[in-house]
Amino acid sequence: MAMVRQDHNMGGTMLTEHISEVERQYYYMEQCHSWIKTQEEKLGRPLTASVITFGCQMNARDSEKLTGILEKIGYTIIESEKADFVIYNTCTVRENANLRVYGRLGQMKHIKKNNPGMMIALCGCMMQEPEVVEKLKKSYRHVDVIFGTHNIFKFAELIYRRITEGQMIIDIWKDTDQIVEDLPNDRKYPFKTGINIMFGCNNFCSYCIVPYVRGRERSRSPKDIIEEVKELSEKGYKEITLLGQNVNSYLRTEKEKNISFEEYEGVNSFATLLRAINKIEGIERIRFVSPHPKDFTDDVIEAIRDCEKVCKLIHLPLQSGSTQVLKVMNRKYTKEQYLNLVEKMKKNIPNLTLSTDIIVGFPGETEEDFEDTLDVVKKVKFEQVFMFIYSRRVGTPGDKMENQVPEEIKHKRFDRLKALVESQIAERNKEYVGTIQKILIEGKSKNNDEMLTGRTDSNKVVIIQGNDDLIGKVLSVEIVSEHMWYLKGKTEKE
Ligand code: 5AD
Ligand code: SF4
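Source: prediction; values computed, not measured. (Residues numbered from 1 in each chain as written. Chains lettered and ligands numbered in written order. Predicted model: local features only at pLDDT ≥ 70, side-chain atom pairs only at ≥ 80, totals over all residues. Heavy atoms only, no water.)

Caption draft 1: Just the pairing of strand β18 (residues 384–389), in detail. Of the two faces of β18, the one holding Val385, Met387 and Ile389 is buried and the one holding Gln384, Phe386 and Phe388 is not buried anywhere. With six bridges connecting them, strand β17 (residues 353–360) and β18 associate as parallel partners. Note that in β18 the partner of aspartate 357 across the bridge is phenylalanine 386. After leaving β17, the chain enters helix α13 (residues 367–380) and then returns to the sheet as β18, a path that is right-handed. (Buried < 20%, exposed > 50% of the residue type's maximum accessible area, 1.4 Å probe, protein only. Helix = DSSP H or I, 4+ residues; strand = E, 2+ residues; numbered from the N terminus. Pairing = 2+ DSSP bridges. Right-handed = clockwise from strand over helix to strand, strands pointing away.)

Quick look at the structure:
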């Protein structure tokens, strides 16, 4: 990705040569590093930074990249918002997420008063909405840096511009075909991590803002992904989650638009990518989120069946069980097609479990439509259901529909769905008792310091007794009891 660029005058040096974007960014990291060292000498203490993440696993992964850059330029990472640099990586999939950010920014105004040298940055999906940026410019002048989802690799450069230009820096790109990886990043756990395989979404489900804020689909090259996984396995990572808004249309845009890509180890589709990663030694578990039911082709089902490392919990977003609602949602499948797909998957993949996303109260949803959703939930018996109340998003077709469902009805339906899901989970939990499950130990239990917590292949939380040296290991445990949100297990030694 060589480029010629006439840029800002950076302390007398002009960046005008042919350099890669990665090199450019390392240059800015060095510049910021020197500035931070000077500040630290002046203040006689280290400068701290904090990254606050809202939203999905894509955002969590982006935050690891942001943290990596902050560390590289010399900040000490802490978990408090009383840091010298605070960045909010935002989500805008539902309105609630936006409201929370505005609330936090309001509080930050007071915190910044006590630490005038402090910098506040905002990035992520919410920043891709022009109305949000207008509002920030008008009413949240204490924000220092604003950027979106397409240029997070420019983080160091934007911080540098803030330092040198001394005013609010806003850099939002509408879309991009650039994929810039190879920058510092700080993965949260040393044993499990996410890997981006594709970015963006072309589906335009009528409730969803993602295609507007994450741009069009583009895939990372097979070689880059495979090499990244190999590197991670060498470092001791056991579980990887392949990330994308639409993972099973990996490389589809490239094929449709005749964009050349290099096949690597036979990878030219999502199914072949699963097969190639399955061969990488050291990796024990492969997960992926999120696939789209309409793109769940037979080759993907066969790859899941054949690849022993691919977890048999598959996330298959339903959204609604009503064919009529699905049509208006622009999901491109019917209730029957979804159920047939589930049947086919269950028949072909031994030990398959399913999780899903469901939206309640989409415009025009009638009692009958909602009952179709309950019907699908009863039939499929999901392992996990992420339930959402429909939230109007400006710019999406759903927001313009006149037959919005009243809040009260939405909430009542949500509660009915929740009750059904919880009763199914309670039933399902009982089936685990007495079974042997492989779990990846993730750390100490949040609620009980003496216990460790891990997850099964089907993503159930299991608590066991054990020493910290088990963290990051895959163990076989017997499930001895079940509780609503976790299972209790014991190792053979106990
Ligand atoms: N309202 C409620 N839920 C939504 N989702 C996406 N857009 C909306 C919206 N406008 C849900 C979908 C998606 C998940 C990530 O968020 O279920 O799968
Ligand atoms: Fe949103 Fe639909 Fe794309 Fe998922 S597939 S990100 S729900 S538009």
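Caption draft 2: Focus on the side chain of aspartate 144. In this fold, aspartate 144 is placed in the loop between α4 (130–139) and β9 (145–147). A polar contact of 2.7 Å, which involves the side chain of aspartate 144, links it to the backbone nitrogen of isoleucine 120. Beyond its immediate chain neighbours, meaning those up to four positions away, aspartate 144 contacts Lys112, Met118, Met119, Ile120, Arg162, Gln167, Met168 and Ile169. (Polar contact = N/O pair within 3.5 Å; in protein donor to acceptor, adjacent residues only side chain to side chain. Contact = heavy atoms within 4.5 Å.)

Caption draft 3: Layout of the sheet that holds strand β10 (residues 169–171). Here six strands make up an open sheet; going across it, the order is β6-β5-β7-β8-β9-β10 and the pairing parallel. The two strands at the open ends of the sheet, each matched to only one other strand, are β6 (76–77) and β10. Bridge analysis of β9 against β10 gives three bridges, and the strand direction is parallel. From the neighbouring strand, isoleucine 146 faces β10, where its bridge partner is isoleucine 170. Packed onto the sheet, helix α5 (residues 155–165) meets β7 (85–90), β8 (119–124), β9 and β10 and runs at close to 150° relative to β10. (Axes fitted to C-alpha atoms, helices over the stretch in contact; angles between N-to-C directions.)

Caption draft 4: Spatial organisation of the pairing of strand β14 (residues 239–243). Most of β14 is tucked away, with five of its five residues classed as buried. Residues of β14 alternate between two faces, with Glu239, Thr241 and Leu243 on one and Ile240 and Leu242 on the opposite face, all of them buried. Where β14 lies against strand β15 (residues 285–289), five bridges are found, and the strand directions are parallel. Opposite isoleucine 240, over in β15, you have isoleucine 286 as the bridge partner.

As far as function goes, none of this settles anything; it's purely spatial.
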